[in-house]
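Listed below are the residues making up each chain.
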Amino acid sequence: MKLLLHTCCAPCSVYCIKSLREEGIEPTLYWYNPNIQPYAEYKARRDCLREYSKLINIALEEDDAYGLDEFVRNVCNKLDRRCEEYCYPKRLRQAFEYAKAHGFDAISTTLLYSIYQKHDFIADLMD
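None of these values were measured; they are calculated from a predicted model.

1. Observations regarding the overall build of the protein
Then step 1. A count of helical and extended segments in the protein gives five helices and four strands.
Then step 2. Secondary structure of the protein in N-to-C order comes out as β-α-β-α-β-α-α-β-α.
Then step 3. At 14 Å, the protein has a C-alpha radius of gyration in line with the 14 Å of a compact globule built from 127 residues.
Then step 4. A principal-axis box enclosing the C-alpha atoms of the protein has dimensions of 45 × 30 × 30 Å.

See the structure below:
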């Protein structure tokens, strides 16, 4: 199976990658997270994932669009619903489009591992 794993950060990917590899699945990591603010946090997560992917010898594809202007335009009046109305749909739509364009059989996201995310909402988007 050719699996694209949208990855929000290296720490959330550790268990996901380990579990997938134990199942005989070698995922390709996909970085697309234009909602991470401020830029210092965005850069720290991206760079850590780059280093980690090299360390464990796993493929990493990046769409390194920071997108501050678009992020602000889309969340400035709805901060309490930013994840549901912008962040999750934006990232997952891009990941689905990338997966389709590059012949992946399946897709998942490390957002489903993080205790800080809204798992039911994310799962509904992925159906």
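Okay, back to it.
2. Remarks on the pairing of strand β1 (residues 3-6)
Then step 1. The two faces of β1 match: Leu3 and Leu5 on one face and Leu4 and His6 on the other face are all buried.
Then step 2. As paired strands, β1 and strand β4 (residues 106-109) are joined by four bridges and run parallel to one another. What sits directly across from His6, in β4, is Thr109.
Then step 3. For β1 and strand β2 (residues 28-31), the ladder comprises three bridges, and the chain directions are parallel. Looking across to β2, one finds that Leu5 is bridged to Leu29.

3. Digging into the packing of helix α1 (residues 10-22) against helix α2 (residues 39-55)
Then step 1. Direction vectors running N to C along α1 and α2 enclose 35°, while the axes themselves pass 9 Å from each other. Along the contact surface, α1 presents Ala10, Ser13, Val14 and Ile17, while α2 presents Cys48, Leu49 and Tyr52.
Then step 2. Of the residues assigned to the contact of α1 with α2, the class counts are six nonpolar, one polar and no charged.

4. With respect to the pattern of salt bridges
Then step 1. Throughout the structure, instances matching the rule amount to 13 salt bridges.
Then step 2. Of the charged contacts in the structure, one is a salt bridge between Arg50 and Glu62, with a shortest N-O distance of 2.8 Å. Here the residue Arg50 occupies a position in helix α2, and Glu62 occupies one in strand β3 (residues 60-62), the gap between them amounting to twelve residues.
Then step 3. Judged by relative accessible area, which is 33%, Glu62 ranks as partly exposed.
Then step 4. It is possible to trace a salt-bridge network through shared partners that takes in Lys43, Arg46, Asp47, Arg50, Glu62 and Asp64.

5. Regarding the packing of aromatic side chains
Then step 1. Enumeration according to the criterion identifies nine aromatic pairs in this entry.
Then step 2. Summarising the aromatic geometry, the rings of Tyr88 and Phe121 are spaced 6.0 Å apart at their centres and angled 35° between planes, so their arrangement reads as tilted. Within this pair, whereas Tyr88 is found in helix α4 (residues 82-101), its partner Phe121 is found in helix α5 (residues 119-126), the two being separated by 33 residues in sequence.
Then step 3. The exposure class assigned to Tyr88 is buried, which follows from its relative accessible area of 1%.
Then step 4. Here the aromatic residues Trp31, Tyr39, Tyr42 and Tyr66 are joined through ring pairs into a cluster of three or more.
Then step 5. Across the ring face of Phe104, the terminal group of Lys2 is positioned such that the distance to the ring centre comes to 4.7 Å.

6. Things to note about the side chain of Thr110
Then step 1. Position of Thr110 relative to the elements: it lies in the loop between β4 and α5.
Then step 2. In this structure Thr110 comes out as buried when scored by relative accessible area, which is 0%.
Then step 3. With residues near it in sequence (within four places) discarded, Thr110 still touches Leu5, His6, Thr7, Cys8, Cys9, Cys12, Ser13 and Cys16.

Conventions we followed
- Residues numbered from 1 in each chain as written.
- Predicted model: local features only at pLDDT ≥ 70, side-chain atom pairs only at ≥ 80, totals over all residues.
- Heavy atoms only, no water.
- Helix = DSSP H or I, 4+ residues; strand = E, 2+ residues; numbered from the N terminus.
- Rg over C-alpha atoms; globule rule 2.2 N^0.38 Å.
- Buried < 20%, exposed > 50% of the residue type's maximum accessible area, 1.4 Å probe, protein only.
- Pairing = 2+ DSSP bridges.
- Axes fitted to C-alpha atoms, helices over the stretch in contact; angles between N-to-C directions.
- Contact = heavy atoms within 4.5 Å.
- Nonpolar A, V, L, I, M, F, W, Y, C, P; charged D, E, K, R; others polar.
- Salt bridge = Lys/Arg side-chain N within 4 Å of Asp/Glu carboxyl O.
- Phe/Tyr/Trp six-rings, centres within 6.5 Å; stacked < 30°, edge-to-face > 60°.
- Lys NZ or Arg CZ within 6 Å of the ring centre and 35° of its normal.

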